[in-house]
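# Breakdown of the fold
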Amino acid sequence: MEEILYICIDCGKSFSSQNKLKLHQQTHSKEKQHVCSDCGKSFSHSSHLKSHQLIHTGEKPFSCTECGKRFNHSSHLKTHKLIHSGEKPYSCPECGKCFNQSKTLHYHQRIHSGEKPYSCTDCGRSFIDSFSLKLHQRTHTGEKPYQCSDCGKCFTRATNLKTHRRTHTGEKPYACSECGKSFASFSNVKYHELTHSGEKPYSCIECGKSFNQSTTLKKHQRMHTGEKLHSCGECGKSFTKSFNLKLHSRIHTGEKPYACSDCGKSFLHSGNLKIHQRTHTGEKPYTCSECGKTFMQSGTLKIHQHTHKEEKP
């Protein structure tokens, strides 16, 4: 049975019953008399203030019996329990996709309707929910409120910080079902699993080349459009990839982060360090198929191979 959602016309928030909607609407019409003594935030109901104050005290009185994770609201615990049960009671009538929260279904349905009620005042870009808008606005403000206590690196999302922290702890909780290789993030194990199936679901409409990640396709398409989003603040040179800009910026800063452990010589790129280290090890991994001569660099091998072409009549 499809759930009936009651939508607030003031803010778009959805509710499972008309009584809950009416109670919520009082927050728009009534004076907020209950004030938090810690931060000054006001509430229409004393119960809402009480729930809010748990943020300041850090108290999480509701505990999951399955995994022990704690929450400051019973509703959050109830939603969390659906992860263990696998239950997704809210189904989209358009595509059949199921969700464990009614509000997630409500946001999903906007994908089908095309509705994007939340607009950025800076650039006009629209979003299906207020959270996505809030994250987007940080691209304008530069705000990164989540900081790593180990290295000081900052992030726009709490989930990105959580994943980053695993680089310090070494935790890799997501394992490939095919080979057992572990990863720090769920998205990385999903991308990795495509290497086993060979699936490349993202195709370029210009040249037909296929990719296993949408982000890789997006970067590839810039080769066709010539779009270079990443500009150097020093000289104005533009690049298609942020990584290339980062490497280029070292020319201006003089930074050479890759140092040879044998002689101390430093390099801009890890690849240059790898080539240099062969002068110490004597390694020559590139072999000429004509005469068997070996070389340290592929470029030197290519130059050498031209000598054989010139010898042939």
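Okay, so let's go over this structure.

If you walk through the whole model with that rule in mind, you get 6 salt bridges. Between R166 and E171 there is a salt bridge whose closest N-O contact spans 3.6 Å. Of the charged contacts, one joins R250 and E255 as a salt bridge, the two residues approaching to 3.7 Å between their closest N and O atoms.

Looking now at the layout of surface pockets. One number sums up the size of the second largest pocket: a volume of about 950 Å³. Broken down by secondary-structure element, the contributors of at least two residues to the lining of the second largest pocket are α4 (102-113), α5 (130-141) and α6 (158-169). In terms of residues, the lining of the second largest pocket owes the most to one element, α5, which gives 5 residues. For the lining of the second largest pocket, the residue count by class is 8 nonpolar, 7 polar and 7 charged.

All right, on to the state of the cysteines then. Taken as a whole and judged by the stated rule, the model has 0 disulfides. Summary of cysteine pairing: C151 is not part of a disulfide, and the nearest cysteine sulfur, belonging to C148, is at 3.8 Å. Free cysteine C288: the closest other cysteine sulfur is in C291, separated by 3.8 Å. For C288, a relative accessible area of 2% puts it in the buried group.

Analysis parameters
Residues numbered from 1 in each chain as written. Predicted model: local features only at pLDDT ≥ 70, side-chain atom pairs only at ≥ 80, totals over all residues. Heavy atoms only, no water. Salt bridge = Lys/Arg side-chain N within 4 Å of Asp/Glu carboxyl O. 1 Å grid on protein atoms, 1.4 Å probe; cavity = no way out; pocket = protein on both sides within 12 Å on 5 of 7 lines; lining within 4 Å. Points joined across faces, edges and corners; volume = space filled by probe spheres on them. Helix = DSSP H or I, 4+ residues; strand = E, 2+ residues; numbered from the N terminus. Nonpolar A, V, L, I, M, F, W, Y, C, P; charged D, E, K, R; others polar. Disulfide = S-S within 2.5 Å. Buried < 20%, exposed > 50% of the residue type's maximum accessible area, 1.4 Å probe, protein only.

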